[in-house]
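Read off the chains here:
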Amino acid sequence: MEKSTNRFIVYAMTTAVTLMLVAGCGGGKEKKADVTGPAETVEAFCRAVAAGEFEKAKELCDTVAMKGYIDTYAEAMKAMASRDSGAVAIAAATLAAGRFTVDDMTRDGDSRQVCYTIDAGDGMTRKKTATVRRMEGVWKVEEITDRP
């Protein structure tokens, strides 16, 4: 029963991250994150969200819409942790340690489309496409969508 509950929480967190990432990102002119290329930016963003490092995730984003989604996700995580902090910690650690694989990257003008897969284990994988754009010498995530 406990394994089933933990699996459900990991699945719920993966789904929440997926829904949150669909809208884009928020940020502005905050301090620059220490990443180099488009794929590294996307991976750093995904790992920051999964680890609950929401301010770091915001630094890696560009569009205003995601800032609210990150804040909403942070509140949901806080509420979930108040009910079962151990399971939430296990789920967050599982997601943060998940395997991130870049499947393809294409150029579209000033932006890049980074197609990637996150594998959190136990058959829980998500395939995504991130749009990133170089702004003032730094890559920023503009949008993340599901892919088939």
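Numbering of residues begins from 1 in every chain and follows the order in which that chain's sequence is written. For this predicted model, a pLDDT threshold of at least 70 governs which residues receive local features, and a threshold of 80 or more governs which side-chain atom pairs are given and counted, while totals over whole chains, interfaces and linings are taken from all residues. Hydrogen atoms and water are omitted, and side-chain values are computed over all heavy atoms in the structure.

Engineer: Explain the nonpolar core residue by residue, including any values.
Structural biologist: Residues enter a nonpolar core if they are buried and are Ala, Val, Leu, Ile, Met, Phe, Trp, Tyr or Cys, with the set joined through side-chain atoms within 4.5 Å. Exposure classes here rest on a 1.4 Å probe applied to the protein chains alone. A residue is buried below 20% of its type maximum, exposed above 50%, and partly exposed in between. Val 42, Phe 45 and Tyr 116 are the most contacted members of the largest nonpolar core, which has 25 residues in total. Think of it this way: any DSSP run of H or I at least four residues long counts as a helix, any run of E at least two long counts as a strand, and we number them from the N terminus. If you list the elements that add at least two residues to this core, you get helix 2 (38-51), helix 3 (54-59), helix 4 (65-96), strand 2 (111-119), strand 3 (125-135) and strand 4 (138-146). Among the elements that line this core, the one with the most residues is helix 2, at seven residues.

Engineer: Now, about the sheet that holds strand 3: what can you tell me, with residues and values included?
Structural biologist: When DSSP finds at least two bridges between two strands, those strands are taken to pair. Spatial ordering of the open sheet is given by 1-2-3-4, a layout of four strands whose pairing is antiparallel. Every other strand in the sheet has two partners, leaving strand 1 (99-108) and strand 4 as the edge strands with one partner each. Taking the axes of each pair of neighbouring strands and ignoring which way they run, one obtains an average angle of 25° across the sheet. Relative to strand 3, strand 2 runs antiparallel, the two being bridged by nine bridges. By the bridge assignment for strand 3, Arg 112 is matched with Val 132. Packing of helix 2 onto the sheet brings it into contact with strand 1, strand 2, strand 3 and strand 4, and relative to strand 1 it is tilted by some 135°. Every angle, taken between N-to-C directions, lies between 0 and 180 degrees, and every axis is a line fitted to C-alpha atoms, over only the stretch in contact when it is a helix. Throughout, a residue-residue contact means that at least one pair of heavy atoms, one from each residue, lies within 4.5 Å.

Engineer: With reference to specific residues and values, describe the side chain of Thr 129.
Structural biologist: Here Thr 129 shows up in strand 3. Sequence-distant contacts of Thr 129, that is, excluding residues within four places in its chain, are made with Gln 113, Val 114, Cys 115, Tyr 116, Glu 143, Ile 144, Thr 145 and Arg 147.

Engineer: Break down unusual backbone geometry for me, with residues and values.
Structural biologist: Of note, the phi angle at Glu 136 is positive, near 50°, even though the residue is not glycine. Following the sequence through the fold, Glu 136 ends up in the loop between strand 3 and strand 4. Taking relative accessible area as the criterion, Glu 136 reaches 58% and is therefore assigned exposed.

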